[in-house]
Amino acid sequence: MTDLLSPKDLFALIELLKPAKRIFICAHRSPDGDAVGSCLGWAAYLRSLGKSVCICLPNPCPDFLKWLPGEADIVYHDRRRLTAQRLLKGADLVCCLDFNTLSRLQEMETAVQRSKAPRLLIDHHLSPDLEQFALAISHPEKSSTSEIVFRLIHQLGGYEALDTAAASALYCGMMTDTGCFTYASNDPEIFEIISLLMRKGIDRDRIYRNVFHNYSPDRLRLQGYLLYEKLQFHPSHRAALFTLTREEMKRFHFIRGDAEGLVNLPLQVKGMRLSISLREDTERDVVRVSLRSVDDFPCNLMAERFFNGGGHLNASGGELPFPLEEAVKIAWRAVEAFSNELGLTPEETTPTAQHETHTAQQETHTA
């Protein structure tokens, strides 16, 4: 397997890790499978070196990740703020995983900024803020931060000590950040890594079920409701959009993680290149935006330009400090602005006309 780091960068990493005795690991707010998996995998490696390690995340991960070995030991800042601050104050190294700038920590940002400990970045997002870190290991071309962590462990000689629990966490991170290896996963070495993780005794089938077959009946009904009642198509622009309100979430007994994967579903429609999800946040007065695309459509550029966000080519996100109705208008303006990249079909129309056509078709079908 190709080494991730040059000899110079490998030496810099070793020199940063060597004197550290108490290491604080953190990841972005609303942690996903890659954030949690990479943190757990990196923590396991550091502990194998005899380090004292804690993982602290801004807020809890979704329920479908609670099964991960070691998740119960994670400190969540919004629930145990004083404990998190005490651990951070005592740390002599802060490892920042799966985000490219400290603002992604939101409520934890100030505390991490004030820490006197050097900061190590391990990430695969574009445009890292390099000035915020003593050492930045940034590889946007890699499928996930979990892949990067595995490559680091392998290059540092830690593979033999890797146990099944850590290997499962890293596999889970890679799996979830590639849509079960359906995007950002054309590098043959990804499957070499999977083979090496399987040699550690992971159960790929069980990991998949734990993540994707772990929902409540209400979540399944929510999915059906969104697809039938809320989904709007803009076929000439090969885009789709749906919204989810607080009231609808209350109706379907929404819990953290129930929106996971829903934004991918419209891309199953033939010809669709872009899917947009707009969801009212349950804790703040913002609309959370998720974007997914296929082929070379740049979700990340749309997220940066219209939604105060960013991310990857085919999977990005952001948020808008507006009412949901205004967010919908902005989303359709974004679709229009990227019409060339989406590839217009000959029967170009406005989003409103397309939505009216779709609605009429639904009414005709119902009649």
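Let us look at the structure shown here.

**Topic: the sheet that holds strand β8 (residues 239-244)**
A sheet is described by the order of its strands in space; here 6 strands give the open sequence β7-β8-β9-β10-β12-β11, paired in mixed fashion. One side of each edge strand has no neighbouring strand; the edge strands of this open sheet are β7 (232-234) and β11 (310-311). Pairing of β7 with β8 involves 3 bridges; the strand directions are antiparallel. Pairing of His234 across the sheet is with Ala239, part of β8. The sheet strands contacting helix α11 (residues 299-306) are β9 (274-280), β10 (287-293), β11 and β12 (315-320), and the helix crosses β12 at an angle near 10°.

**A word on the packing of aromatic side chains**
The tally for this structure, following the rule as stated, stands at 10 aromatic pairs. Ring geometry for Phe181 versus Phe191: centroids 6.1 Å apart, planes at 50°, classification tilted. With Phe181 in the loop between α6 (164-177) and α7 (188-198) and Phe191 in helix α7, the pair connects residues that are 10 residues apart, well separated along the chain. The buried category is assigned to Phe181, whose relative accessible area is 14%. Among the residues examined, Phe191 registers a relative accessible area of 43% and is labelled partly exposed. Connected via pairs of aromatic rings, a cluster forms that spans Phe297, Phe306, Phe307 and Phe338. Residue placement shows Lys200 over the ring face of Tyr159; its charged tip is 4.4 Å from the ring centre. Of note, Arg251 hangs over the ring of Tyr225, and the distance from its end group to the ring centre comes to 4.9 Å.

**Quick word on α7**
Taken residue by residue, α7 has Glu189, Ile190, Ile193, Ile194, Leu196 and Leu197 as its buried positions. Taken down its axis, α7 places every buried residue within 160° of arc, on the same side. At the N-terminal boundary of α7, the capping side chain belongs to Asp187, with an oxygen 3.0 Å from the backbone nitrogen of Glu189.

**With respect to the sheet that holds strand β2 (residues 52-57)**
Strand order across the open sheet formed by 6 strands is β3-β2-β1-β4-β5-β6, with parallel pairing between neighbours. Each edge of the sheet is formed by a strand with only one pairing partner; in this case those strands are β3 (75-76) and β6 (135-138). Pairing of strand β5 (residues 119-123) with β6 involves 4 bridges; the strand directions are parallel. Residue pairing in the sheet places Asp123 in a bridge with Ser138 of β6. Packed on one face of the sheet, helix α3 (residues 81-90) meets β1 (22-27), β2, β3 and β4 (93-97) and runs near 130° to β1.

**What about empty space enclosed by the protein?**
Inspection of every chain in the model, using the stated rule, returns 1 cavity of 30 Å³ or more. As a volume, the largest cavity reaches approximately 30 Å³. Every residue lining the largest cavity is listed: Gln223, Leu226, Leu227, Leu231, Phe242, Leu262 and Leu265. The leading source of residues in the lining of the largest cavity is helix α9 (residues 217-230), at 3 residues. For the lining of the largest cavity, the class distribution of residues is 6 nonpolar, 1 polar and no charged.

What counts and what doesn't
Residues numbered from 1 in each chain as written. Predicted model: local features only at pLDDT ≥ 70, side-chain atom pairs only at ≥ 80, totals over all residues. Heavy atoms only, no water. Pairing = 2+ DSSP bridges. Helix = DSSP H or I, 4+ residues; strand = E, 2+ residues; numbered from the N terminus. Contact = heavy atoms within 4.5 Å. Axes fitted to C-alpha atoms, helices over the stretch in contact; angles between N-to-C directions. Phe/Tyr/Trp six-rings, centres within 6.5 Å; stacked < 30°, edge-to-face > 60°. Buried < 20%, exposed > 50% of the residue type's maximum accessible area, 1.4 Å probe, protein only. Lys NZ or Arg CZ within 6 Å of the ring centre and 35° of its normal. Arc of directions from axis to C-beta. Polar contact = N/O pair within 3.5 Å; in protein donor to acceptor, adjacent residues only side chain to side chain. 1 Å grid on protein atoms, 1.4 Å probe; cavity = no way out; pocket = protein on both sides within 12 Å on 5 of 7 lines; lining within 4 Å. Points joined across faces, edges and corners; volume = space filled by probe spheres on them. Nonpolar A, V, L, I, M, F, W, Y, C, P; charged D, E, K, R; others polar.

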